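# Topology and contacts: notes
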Amino acid sequence: MKRILITGAAGFLGSHLSDKFIDKGYEVIGMDNLITGDMDNIAHLMPLENFSFHHHDVSNYVHVAGDLDYILHFASPASPIDYLKMPIQTLKVGSLGTHNLLGLAKAKGARMLIASTSEVYGDPLVNPQPEEYWGNVNPIGPRGVYDEAKRFQEAITMAYHTYHGLETRIIRIFNTYGPRMRVNDGRALPAFFSQAIENKDITVFGDGSQTRAFCYVDDLVEGIYRLLHSDYSLPVNIGNPDEITILQAAQEVLEIVEGTTSKIIHQGLPKDDPKVRRPDITKAKSILGWNPTVDRHDGFRRTYEYFKTKLK
Ligand code: UDP
(Lines give C-alpha, C1' and ligand atoms only; values in the text may rest on other atoms or scores of the structure.)
Protein backbone atom coordinates (compact mmCIF):
# COMPACT_ATOMS: atom_id res chain seq x y z
CA MET A 1 0.00 0.00 0.00
CA LYS A 2 1.39 3.44 -0.99
CA ARG A 3 1.73 6.01 1.81
CA ILE A 4 0.94 9.67 1.22
CA LEU A 5 1.31 12.67 3.52
CA ILE A 6 -1.29 15.39 2.93
CA THR A 7 -0.70 18.72 4.67
CA GLY A 8 -3.73 20.92 5.23
CA ALA A 9 -5.74 17.69 5.39
CA ALA A 10 -8.55 19.21 7.46
CA GLY A 11 -9.04 22.05 5.00
CA PHE A 12 -11.32 22.35 1.99
CA LEU A 13 -8.98 20.88 -0.63
CA GLY A 14 -6.92 18.73 1.74
CA SER A 15 -9.99 16.88 2.99
CA HIS A 16 -11.26 16.17 -0.52
CA LEU A 17 -7.79 14.96 -1.48
CA SER A 18 -7.71 12.71 1.58
CA ASP A 19 -11.02 11.19 0.44
CA LYS A 20 -9.67 10.64 -3.06
CA PHE A 21 -6.50 8.87 -1.98
CA ILE A 22 -8.33 6.74 0.59
CA ASP A 23 -10.75 5.72 -2.19
CA LYS A 24 -7.81 4.82 -4.40
CA GLY A 25 -6.40 2.50 -1.72
CA TYR A 26 -3.60 4.63 -0.27
CA GLU A 27 -2.60 4.97 3.35
CA VAL A 28 -3.17 8.66 4.07
CA ILE A 29 -1.37 10.59 6.79
CA GLY A 30 -3.17 13.88 7.32
CA MET A 31 -1.47 16.87 8.94
CA ASP A 32 -2.97 20.23 9.90
CA ASN A 33 -2.51 22.88 12.57
CA LEU A 34 -6.23 23.68 12.33
CA ILE A 35 -5.88 27.47 12.10
CA THR A 36 -8.23 27.44 9.13
CA GLY A 37 -8.93 23.71 8.86
CA ASP A 38 -11.84 21.98 10.54
CA MET A 39 -11.88 18.44 11.96
CA ASP A 40 -15.50 18.11 10.81
CA ASN A 41 -14.12 17.85 7.25
CA ILE A 42 -12.28 14.62 8.07
CA ALA A 43 -14.41 13.22 10.94
CA HIS A 44 -15.62 10.44 8.61
CA LEU A 45 -12.00 9.40 7.91
CA MET A 46 -10.80 9.28 11.51
CA PRO A 47 -12.09 5.74 12.27
CA LEU A 48 -10.41 4.27 9.18
CA GLU A 49 -7.37 2.07 9.62
CA ASN A 50 -5.53 3.57 6.65
CA PHE A 51 -6.05 7.17 7.78
CA SER A 52 -4.16 8.89 10.58
CA PHE A 53 -4.08 12.50 11.67
CA HIS A 54 -1.28 14.62 13.14
CA HIS A 55 -2.08 18.00 14.67
CA HIS A 56 1.07 19.83 13.63
CA ASP A 57 2.26 23.12 12.12
CA VAL A 58 4.50 22.23 9.16
CA SER A 59 6.37 25.53 9.53
CA ASN A 60 8.15 23.65 12.34
CA TYR A 61 10.29 20.56 11.75
CA VAL A 62 8.15 17.75 10.34
CA HIS A 63 8.64 14.17 11.45
CA VAL A 64 6.82 11.22 9.93
CA ALA A 65 7.77 7.67 10.94
CA GLY A 66 8.20 5.01 8.26
CA ASP A 67 8.26 5.18 4.48
CA LEU A 68 6.56 7.83 2.38
CA ASP A 69 5.82 7.59 -1.33
CA TYR A 70 4.19 10.96 -1.86
CA ILE A 71 3.72 14.34 -0.17
CA LEU A 72 0.98 16.80 -1.09
CA HIS A 73 1.60 20.23 0.45
CA PHE A 74 -1.81 21.90 0.77
CA ALA A 75 -1.41 23.64 4.12
CA SER A 76 -1.89 27.42 3.93
CA PRO A 77 -4.43 30.09 4.69
CA ALA A 78 -5.94 30.58 1.24
CA SER A 79 -8.58 33.26 1.44
CA PRO A 80 -7.69 36.97 1.14
CA ILE A 81 -9.23 37.76 4.55
CA ASP A 82 -7.32 34.87 6.13
CA TYR A 83 -3.97 36.00 4.89
CA LEU A 84 -4.72 39.56 5.95
CA LYS A 85 -5.38 38.23 9.46
CA MET A 86 -2.46 35.77 9.43
CA PRO A 87 0.23 37.32 7.23
CA ILE A 88 3.21 35.81 9.04
CA GLN A 89 1.76 32.29 9.21
CA THR A 90 0.93 32.55 5.50
CA LEU A 91 4.50 33.51 4.63
CA LYS A 92 5.94 30.83 6.90
CA VAL A 93 3.88 27.89 5.69
CA GLY A 94 4.67 28.66 2.05
CA SER A 95 8.38 29.15 2.71
CA LEU A 96 9.60 27.37 5.88
CA GLY A 97 6.82 24.77 5.66
CA THR A 98 7.69 23.96 2.06
CA HIS A 99 11.39 23.75 2.94
CA ASN A 100 10.68 21.30 5.78
CA LEU A 101 8.54 19.13 3.54
CA LEU A 102 11.06 19.14 0.69
CA GLY A 103 13.64 17.98 3.21
CA LEU A 104 11.30 15.23 4.34
CA ALA A 105 10.61 14.23 0.72
CA LYS A 106 14.35 14.06 0.05
CA ALA A 107 15.00 11.96 3.16
CA LYS A 108 12.18 9.53 2.29
CA GLY A 109 12.70 9.47 -1.48
CA ALA A 110 9.10 10.67 -1.87
CA ARG A 111 7.57 12.57 -4.77
CA MET A 112 6.25 15.96 -3.70
CA LEU A 113 3.43 17.99 -5.21
CA ILE A 114 2.93 21.58 -4.09
CA ALA A 115 -0.25 23.62 -4.22
CA SER A 116 0.68 26.80 -6.02
CA THR A 117 -1.88 29.29 -7.21
CA SER A 118 -3.12 31.61 -9.91
CA GLU A 119 -2.05 34.35 -7.46
CA VAL A 120 1.50 33.91 -8.80
CA TYR A 121 0.15 35.82 -11.83
CA GLY A 122 -0.98 38.69 -9.55
CA ASP A 123 -3.24 41.22 -11.28
CA PRO A 124 -2.50 39.76 -14.70
CA LEU A 125 -1.81 41.84 -17.78
CA VAL A 126 -2.63 38.93 -20.07
CA ASN A 127 -5.86 36.95 -20.09
CA PRO A 128 -6.16 33.96 -20.04
CA GLN A 129 -2.95 33.18 -18.15
CA PRO A 130 -0.63 30.52 -19.62
CA GLU A 131 2.04 28.94 -17.39
CA GLU A 132 4.72 30.93 -19.23
CA TYR A 133 3.32 34.25 -17.97
CA TRP A 134 5.55 35.67 -15.20
CA GLY A 135 2.87 37.68 -13.48
CA ASN A 136 2.23 41.15 -12.13
CA VAL A 137 2.53 40.95 -8.35
CA ASN A 138 2.83 43.71 -5.75
CA PRO A 139 5.26 42.17 -3.23
CA ILE A 140 4.33 44.54 -0.40
CA GLY A 141 0.58 44.76 -1.00
CA PRO A 142 -1.97 42.96 1.20
CA ARG A 143 -1.93 39.88 -1.05
CA GLY A 144 1.88 39.86 -1.27
CA VAL A 145 2.23 37.60 1.78
CA TYR A 146 0.41 34.84 -0.08
CA ASP A 147 1.58 35.57 -3.61
CA GLU A 148 5.25 35.85 -2.70
CA ALA A 149 5.16 32.83 -0.38
CA LYS A 150 3.76 30.79 -3.24
CA ARG A 151 6.29 32.19 -5.71
CA PHE A 152 9.09 31.32 -3.29
CA GLN A 153 7.51 27.89 -2.86
CA GLU A 154 7.73 27.28 -6.60
CA ALA A 155 11.33 28.52 -6.67
CA ILE A 156 12.56 26.29 -3.85
CA THR A 157 10.64 23.31 -5.21
CA MET A 158 12.30 23.73 -8.62
CA ALA A 159 15.67 24.12 -6.86
CA TYR A 160 15.22 20.80 -5.02
CA HIS A 161 14.21 19.25 -8.32
CA THR A 162 17.21 20.64 -10.18
CA TYR A 163 19.92 20.34 -7.54
CA HIS A 164 18.77 17.27 -5.60
CA GLY A 165 16.94 15.44 -8.39
CA LEU A 166 13.82 15.34 -6.23
CA GLU A 167 10.65 14.31 -8.04
CA THR A 168 8.38 17.37 -7.81
CA ARG A 169 5.07 18.51 -9.25
CA ILE A 170 3.62 22.04 -9.23
CA ILE A 171 -0.06 22.78 -9.67
CA ARG A 172 -1.31 26.35 -10.06
CA ILE A 173 -4.81 26.30 -8.67
CA PHE A 174 -7.41 28.78 -9.90
CA ASN A 175 -10.58 29.69 -7.99
CA THR A 176 -12.14 26.47 -6.75
CA TYR A 177 -15.40 25.96 -4.89
CA GLY A 178 -17.66 23.30 -3.47
CA PRO A 179 -18.73 21.59 -0.26
CA ARG A 180 -16.48 22.09 2.82
CA MET A 181 -15.55 25.67 2.01
CA ARG A 182 -15.83 27.63 5.24
CA VAL A 183 -19.07 29.56 5.38
CA ASN A 184 -17.23 32.60 6.70
CA ASP A 185 -13.97 32.31 4.78
CA GLY A 186 -14.72 35.63 3.09
CA ARG A 187 -14.40 34.42 -0.46
CA ALA A 188 -16.98 35.38 -3.02
CA LEU A 189 -19.04 32.20 -3.30
CA PRO A 190 -19.24 31.28 0.42
CA ALA A 191 -20.08 34.93 1.14
CA PHE A 192 -22.80 35.12 -1.52
CA PHE A 193 -24.39 31.76 -0.62
CA SER A 194 -24.45 32.43 3.10
CA GLN A 195 -25.76 35.97 2.60
CA ALA A 196 -28.51 34.75 0.26
CA ILE A 197 -29.52 31.90 2.57
CA GLU A 198 -29.71 34.28 5.54
CA ASN A 199 -31.50 37.03 3.57
CA LYS A 200 -28.64 39.48 4.09
CA ASP A 201 -27.25 41.94 1.56
CA ILE A 202 -25.04 40.37 -1.10
CA THR A 203 -21.73 42.22 -0.88
CA VAL A 204 -20.29 42.70 -4.37
CA PHE A 205 -16.96 44.51 -4.10
CA GLY A 206 -16.50 47.31 -6.61
CA ASP A 207 -18.85 47.35 -9.59
CA GLY A 208 -18.53 43.57 -9.91
CA SER A 209 -16.99 43.73 -13.39
CA GLN A 210 -13.84 41.91 -12.22
CA THR A 211 -13.81 38.34 -13.50
CA ARG A 212 -13.01 34.92 -12.08
CA ALA A 213 -13.35 31.39 -13.48
CA PHE A 214 -14.71 28.93 -10.92
CA CYS A 215 -13.75 25.24 -10.87
CA TYR A 216 -15.76 22.62 -8.99
CA VAL A 217 -13.67 20.82 -6.38
CA ASP A 218 -14.11 17.30 -7.80
CA ASP A 219 -12.63 18.41 -11.11
CA LEU A 220 -9.67 19.99 -9.35
CA VAL A 221 -8.99 16.87 -7.29
CA GLU A 222 -8.99 14.73 -10.43
CA GLY A 223 -6.48 17.12 -12.02
CA ILE A 224 -4.20 16.88 -8.97
CA TYR A 225 -4.39 13.09 -8.99
CA ARG A 226 -3.39 13.01 -12.65
CA LEU A 227 -0.58 15.53 -12.23
CA LEU A 228 0.90 13.63 -9.29
CA HIS A 229 1.09 10.48 -11.42
CA SER A 230 2.40 12.24 -14.52
CA ASP A 231 6.08 12.73 -15.26
CA TYR A 232 5.79 16.51 -15.78
CA SER A 233 7.70 18.70 -13.33
CA LEU A 234 6.96 22.22 -14.61
CA PRO A 235 3.92 24.14 -13.31
CA VAL A 236 0.48 23.18 -14.64
CA ASN A 237 -2.64 25.36 -14.38
CA ILE A 238 -5.73 23.55 -13.17
CA GLY A 239 -8.98 25.47 -13.23
CA ASN A 240 -12.17 25.90 -15.17
CA PRO A 241 -11.77 28.49 -17.97
CA ASP A 242 -15.46 29.40 -17.78
CA GLU A 243 -14.91 33.08 -16.89
CA ILE A 244 -17.69 35.24 -15.45
CA THR A 245 -17.95 38.60 -13.73
CA ILE A 246 -18.39 38.65 -9.97
CA LEU A 247 -21.67 40.48 -10.46
CA GLN A 248 -22.91 37.61 -12.63
CA ALA A 249 -21.80 35.10 -9.99
CA ALA A 250 -23.83 37.03 -7.37
CA GLN A 251 -26.88 37.09 -9.66
CA GLU A 252 -26.63 33.35 -10.32
CA VAL A 253 -26.43 32.62 -6.59
CA LEU A 254 -29.59 34.69 -6.08
CA GLU A 255 -31.36 32.66 -8.77
CA ILE A 256 -30.43 29.37 -7.10
CA VAL A 257 -31.25 30.19 -3.48
CA GLU A 258 -34.97 29.53 -3.07
CA GLY A 259 -37.10 32.25 -1.51
CA THR A 260 -34.24 34.63 -0.73
CA THR A 261 -35.06 38.31 -0.24
CA SER A 262 -31.40 39.40 -0.47
CA LYS A 263 -30.38 42.29 -2.69
CA ILE A 264 -27.00 43.05 -4.21
CA ILE A 265 -25.12 45.98 -2.66
CA HIS A 266 -21.71 47.32 -3.67
CA GLN A 267 -18.78 47.81 -1.31
CA GLY A 268 -15.22 49.07 -1.86
CA LEU A 269 -12.93 46.95 -4.00
CA PRO A 270 -10.05 45.54 -1.90
CA LYS A 271 -6.54 46.79 -2.74
CA ASP A 272 -4.78 44.90 -5.55
CA ASP A 273 -7.89 42.82 -6.33
CA PRO A 274 -7.13 41.16 -9.69
CA LYS A 275 -9.36 42.56 -12.44
CA VAL A 276 -9.37 39.40 -14.54
CA ARG A 277 -8.44 35.79 -13.99
CA ARG A 278 -8.86 32.80 -16.26
CA PRO A 279 -6.66 29.73 -16.71
CA ASP A 280 -5.17 28.69 -20.01
CA ILE A 281 -5.52 24.90 -19.58
CA THR A 282 -3.86 23.80 -22.81
CA LYS A 283 -1.14 21.98 -20.83
CA ALA A 284 -3.54 20.22 -18.45
CA LYS A 285 -5.50 19.00 -21.47
CA SER A 286 -2.54 17.80 -23.50
CA ILE A 287 -0.27 16.48 -20.74
CA LEU A 288 -2.87 15.10 -18.32
CA GLY A 289 -5.83 14.54 -20.66
CA TRP A 290 -7.75 16.61 -18.10
CA ASN A 291 -10.81 18.75 -18.68
CA PRO A 292 -13.32 20.15 -16.21
CA THR A 293 -16.58 18.20 -16.34
CA VAL A 294 -18.90 19.89 -13.81
CA ASP A 295 -20.72 22.90 -15.22
CA ARG A 296 -21.27 25.95 -13.08
CA HIS A 297 -24.98 25.54 -12.62
CA ASP A 298 -24.58 21.99 -11.37
CA GLY A 299 -21.62 22.91 -9.16
CA PHE A 300 -23.43 25.93 -7.69
CA ARG A 301 -26.43 23.70 -6.84
CA ARG A 302 -24.27 21.14 -5.04
CA THR A 303 -22.53 23.93 -3.15
CA TYR A 304 -25.86 25.47 -2.19
CA GLU A 305 -27.01 22.13 -0.75
CA TYR A 306 -23.88 22.06 1.41
CA PHE A 307 -24.19 25.62 2.72
CA LYS A 308 -27.86 24.98 3.54
CA THR A 309 -26.84 22.16 5.88
CA LYS A 310 -24.14 24.33 7.47
CA LEU A 311 -26.42 27.31 8.10
CA LYS A 312 -29.44 25.45 9.50
N1 UDP B 1 -15.75 39.50 -3.65
C2 UDP B 1 -16.92 40.21 -3.55
N3 UDP B 1 -17.66 40.08 -2.40
C4 UDP B 1 -17.30 39.30 -1.36
C5 UDP B 1 -16.11 38.56 -1.48
C6 UDP B 1 -15.35 38.69 -2.64
O7 UDP B 1 -17.31 40.93 -4.47
O8 UDP B 1 -18.05 39.27 -0.35
C9 UDP B 1 -14.95 39.64 -4.87
C10 UDP B 1 -13.47 39.95 -4.64
O11 UDP B 1 -13.27 41.35 -4.54
C12 UDP B 1 -12.84 39.36 -5.88
C13 UDP B 1 -13.74 38.18 -6.23
O14 UDP B 1 -14.97 38.40 -5.55
O15 UDP B 1 -12.89 40.29 -6.95
C16 UDP B 1 -13.18 36.84 -5.81
O17 UDP B 1 -12.75 36.99 -4.48
P18 UDP B 1 -12.31 35.77 -3.59
O19 UDP B 1 -12.07 36.30 -2.23
O20 UDP B 1 -13.28 34.67 -3.73
O21 UDP B 1 -10.93 35.24 -4.18
P22 UDP B 1 -9.78 35.84 -5.13
O23 UDP B 1 -10.10 35.33 -6.47
O24 UDP B 1 -9.81 37.36 -5.09
O25 UDP B 1 -8.54 35.31 -4.55
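To be clear, the structure that these remarks concern was listed above.
## Here's the deal with the overall build of the protein chain
The helix and strand tally for the protein chain stands at nine helices and 13 strands. Taken against the 2.2 N^0.38 rule, which gives 20 Å for 312 residues, the C-alpha radius of gyration of the protein chain at 19 Å falls within 12% of a compact globule. A burial count over the protein chain gives 55% of its 312 residues as buried. Long-range pairs, those at least 24 residues apart, make up 81% of the contacts in the protein chain with a sequence separation of at least 6. With an accessible surface of roughly 13,100 Å², the protein chain has 52% of that area assigned to carbon and sulfur atoms. Positive and negative charge centroids in the protein chain, built from 33 and 38 side chains respectively, lie 2 Å apart.

## Overview of the environment of Val257
Mapped onto the elements of the fold, Val257 is located in the loop between α7 (246-256) and β13 (264-267). Accessibility expressed as a relative area gives 4% for Val257, which makes it buried. Sequence separation of Val257 and Phe300 is 43 residues, and the distance between their C-alpha atoms is 9.9 Å. Apart from the residues within four sequence positions on either side, Val257 is in contact with Phe193, Ala196, Ile197 and Tyr304.

## Overview of the packing of helix α5 (residues 188-197) against helix α9 (residues 296-311)
When two helices pack together, their arrangement is captured by the angle between the axes and the distance separating the axes. It is at 10 Å that the axes of α5 and α9 come closest, and there the two elements cross at 60°. Compared by their axis directions, α5 and α9 come out oblique. Seen along the crossing, α5 lies across α9 with a hand that is right-handed. Between α5, through Leu189, Pro190, Phe193, Ser194 and Ile197, and α9, the contact on the second element is made entirely by Phe300, Thr303, Tyr304, Phe307, Lys308 and Leu311. Each residue belonging to the contact of α5 with α9 can be placed in one class, and the counts come to eight nonpolar, two polar and one charged.

## Describing the site of the ligand
The local shell around the ligand holds 18 residues, among which Thr203, Phe205, Arg212, Asp273 and Arg277 are the closest. Taking Thr203, its main chain carries an N or O atom lying 2.5 Å from a nitrogen atom of the ligand. In the model, an oxygen atom of the ligand is placed 2.6 Å from a nitrogen or oxygen of the Asp273 side chain. The set of elements that each furnish at least two residues to the shell around the ligand consists of α5 and β8 (202-205). Here the residues of the shell around the ligand are counted per class, giving eight nonpolar, four polar and six charged.

Procedures and definitions
Residues numbered from 1 in each chain as written. Predicted model: local features only at pLDDT ≥ 70, side-chain atom pairs only at ≥ 80, totals over all residues. Heavy atoms only, no water. Helix = DSSP H or I, 4+ residues; strand = E, 2+ residues; numbered from the N terminus. Rg over C-alpha atoms; globule rule 2.2 N^0.38 Å. Buried < 20%, exposed > 50% of the residue type's maximum accessible area, 1.4 Å probe, protein only. Contact = heavy atoms within 4.5 Å. Areas by Shrake-Rupley, 256 points an atom, 1.4 Å probe, with all protein chains shown as cover. Lys, Arg positive; Asp, Glu negative; His and termini not counted. Charge placed at Lys NZ, Arg CZ, Asp CG, Glu CD. Axes fitted to C-alpha atoms, helices over the stretch in contact; angles between N-to-C directions. Parallel < 35°, antiparallel > 145°, perpendicular 65-115°, else oblique. Left-handed = near helix turned anticlockwise from the far one by under 90°. Nonpolar A, V, L, I, M, F, W, Y, C, P; charged D, E, K, R; others polar. Near = heavy atom within 4 Å. Polar contact = N/O pair within 3.5 Å; in protein donor to acceptor, adjacent residues only side chain to side chain.

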